[in-house]
Amino acid sequence: MGFTHAVVSAAGSVEALDDDTRGTAGGQQAYATAREVKFRELLHRPNLDLEMLRALAWNGVPNQHRPCCWRILSGYVPVNVQRREAVLARKRQEYADMLPEYYHETHKLRSTDENATMHQISIDVPRTAPGVRFVRDNDRIQEMLRRVLYIRALRTPASGYVQGINDLVTPFIIVFLSEFFEEPMEEWDIKTLSEEQLVIAEADAYWCLSRLLDGIQDHYTPAQPGIQEKVLLLEDMVRRIDEPLAAHLEQQGVEYLQFAFRWVNCLLLRELPFPVCVLRVWDTYLAEGPRFCDFLVYVCASLLVHWSERLRKLDFQGIILFLQRLPTADWTEKDVEIVLSRAHMWSILFERAKSHFNSPGK
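Keep in mind it's a predicted model, so treat the numbers as computed, not measured.

J.: Mind showing me how you'd approach unusual backbone geometry here?
T.: With glycine set apart, most residues show a phi of negative sign, and most peptide bonds adopt trans. Following F274, the chain continues into P275 via a peptide bond in cis, with omega recorded as 10°. One non-glycine residue, L268, lies in the positive phi region at around 70°.

J.: How do you make sense of helix α11 (residues 225-241) when you look at a structure like this?
T.: Here α11 is 17 residues long and its end C-alpha atoms lie 24 Å apart, about the 24 Å a rise of 1.5 Å per residue gives. Tucked inside the fold, the buried residues of α11 contact α12 (243-251), α13 (257-265), α15 (292-306) and α18 (333-352).

J.: Please explain the pattern of salt bridges as it appears in this structure.
T.: It is possible for side chains bearing opposite charge to pair when their charged atoms get close. All chains considered together, the criterion is met by 22 salt bridges. Between E195 and R140 there is a salt bridge whose closest N-O contact spans 2.8 Å. Of the two residues, E195 is situated in helix α10 (residues 195-214) and R140 in helix α8 (residues 139-155); the sequence distance between them amounts to 55 residues. Exposure remark for E195: the relative accessible area of 45% places this residue in the partly exposed category. Several salt bridges converge on common partners, so that one network encompasses R71, R92, E179 and D204.

J.: Could you clarify how one ought to interpret the packing of aromatic side chains in this entry?
T.: Each aromatic ring pair is described using two quantities: the centre-to-centre distance and the angle formed by the ring planes. This model, assessed by the stated rule, comprises 18 aromatic pairs. Seen from their ring centres, W58 and F295 are 5.8 Å apart, and the 65° between their planes marks the pair as edge-to-face. You can see W58 sitting in the loop between α3 (50-57) and α4 (66-73) and its partner F295 sitting in helix α15, a full 237 residues away along the chain. As far as the burial class goes, W58 and F295 line up, both buried. Geometrically, the ring pair formed by Y298 and F350 is edge-to-face, given 5.9 Å between the ring centres and 65° between the ring planes. Placement of Y298 in helix α15 and of F350 in helix α18 is noted, with a sequence separation of 52 residues between them. As far as burial versus exposure is concerned, Y298 and F350 are alike and both buried. The rings of W70, F172, F176, W282, Y285 and F292 are connected pair by pair, giving a single aromatic cluster. Against the face of W207 rests K91, its NZ or CZ located 3.6 Å from the ring centre. In this arrangement the basic side chain of R110 is found over the ring face of Y150, its NZ or CZ atom lying 5.1 Å from the centre.

J.: Looking at this structure, I do not really get the layout of surface pockets. What am I missing?
T.: Empty space among the atoms becomes apparent when a probe as large as a water molecule is rolled across them. Taken as a whole, the second largest pocket spans an internal volume of roughly 690 Å³. Lining of the second largest pocket is provided by 26 residues; of these, A129, P130, G131, V132 and R133 occupy positions nearest its centre. Of the residues contributing to the lining of the second largest pocket, the split by class is twelve nonpolar, four polar and ten charged.

J.: When you look at the nonpolar core in this model, what are you seeing that I'm missing?
T.: Nonpolar side chains tend to gather and get buried jointly when the protein is soluble and globular. By size, the foremost hydrophobic cluster in this structure holds 119 residues, and its most contacted members are F172, L177, W282 and L304. Of all the elements, α15 adds the most residues to this core, at twelve residues.

J.: Quick question: what am I supposed to make of α15 here?
T.: Since the α-helix turns once every 3.6 residues, residues separated by three or four places project in the same direction. With 15 residues, α15 extends 21 Å from end C-alpha to end C-alpha; this agrees with the ideal 21 Å at 1.5 Å per step. Of all 15 residues that make up α15, 13 are buried, and the element is covered over most of its length.

Rules behind the numbers
- Residues numbered from 1 in each chain as written.
- Predicted model: local features only at pLDDT ≥ 70, side-chain atom pairs only at ≥ 80, totals over all residues.
- Heavy atoms only, no water.
- Helix = DSSP H or I, 4+ residues; strand = E, 2+ residues; numbered from the N terminus.
- Expected span 1.5 Å × (residues − 1).
- Contact = heavy atoms within 4.5 Å.
- Salt bridge = Lys/Arg side-chain N within 4 Å of Asp/Glu carboxyl O.
- Buried < 20%, exposed > 50% of the residue type's maximum accessible area, 1.4 Å probe, protein only.
- Phe/Tyr/Trp six-rings, centres within 6.5 Å; stacked < 30°, edge-to-face > 60°.
- Lys NZ or Arg CZ within 6 Å of the ring centre and 35° of its normal.
- 1 Å grid on protein atoms, 1.4 Å probe; cavity = no way out; pocket = protein on both sides within 12 Å on 5 of 7 lines; lining within 4 Å.
- Points joined across faces, edges and corners; volume = space filled by probe spheres on them.
- Nonpolar A, V, L, I, M, F, W, Y, C, P; charged D, E, K, R; others polar.
- Core = buried A, V, L, I, M, F, W, Y, C linked by side-chain atoms within 4.5 Å.

This is the structure:
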C-alpha cells in the first residue's frame, strides 16, 4: 500500500487519496471525473447546499466549475439556481453603471485625494503578478485592474486603496475570464473577446473582491491592524508547533513582520506559482467562508514550518532572503495540498484548545 495523502475538507471529512491508485493516469482521470460529476450535480440543484459546496470545494474546484463556485462561495450570488441569473444580470449592470459615474471623470474633475489614489494605483498595477505575462504585458487587463481598484477605493473610503489589494483582484479576473476560453491561460488572446464579455468578467471580479475585503477590512485600514494581529498570531503559533525553529529565528534577530507582512497582505499570492497553485489555495480560502481570516494564519504557519530544517541552518541574512523568495516555482497542486492539510490539522487541534490561540498579550 502506497502513501495515503489526506486532503481534508472544511466540514472535517477526509478524502483518502491512495497514491498507488491516484498516481496512475487512469486513477487520476477517474478521480477527476468523479469530482466533476459531484460538482455538476450539486451546482444544478434548485437550492444548493452551501455547506456541501464548501466541503467539496475545499479540496479544489475543477477549472470548468470554478467561476460559478467562486461566485457562490463569495456570497456574490444566491444558492437558489432560479434567482442566480437575475442577480448576476442586476449586479453586472450595476457595475457597468459605475464606470461612467466613478471612473470616466476627467483628471480635472477629481479631487486631490482621488487623483492621489489613481496615481498610486497606476504605479502598482504594472507591478501586479510580475511573473505572469498575460497580466504584465496586457494593457486591457491592466485597465481592468485600474478600474476595479479605483472604483472599490472610492466606494469604501474607510479603507480606500492600499498596496496589496492590486494582487488580490488578479485571481478573480483570471477565473472569470476563463469562462470565455478553453485553452490554458498562457494561450489566451484577449482580443477575441467583446467589450461586453470583458465587462462581465470585470464586474464579477469587482463584486467578489468586495465581498472578500469586507471580511478582512481591518487588514487595509490605517496602520493595517488586522495584518499586525495575524503576524503576531503566526509568531505565537510557530513557537508552539515548532519550538526549535522559533528559537532559531529569535536567536538570529528575525522579526516576523519582515517576511510575514507580505504573506498576509497578499494572502500568499506572491509566494506561490500562478495560476495553478494560487487558484488551488484560493479554492480553500473561499470554501472556509467566515473562518478564512483565521485559517490564513494556519496556512502561513504550515508554509513556514515546511522549510524548518533548511531555515535552521541559515543566518539572519540567509533567512530573510529565503523567505522573501521561496523556492516554490516548481510546486504543483499536490505540494499545496500538503500545506493545506497540515494547516487544517492544526486548526482542529488549536480549536480544541482555544486558549492556545489567544492573541499575544491577552
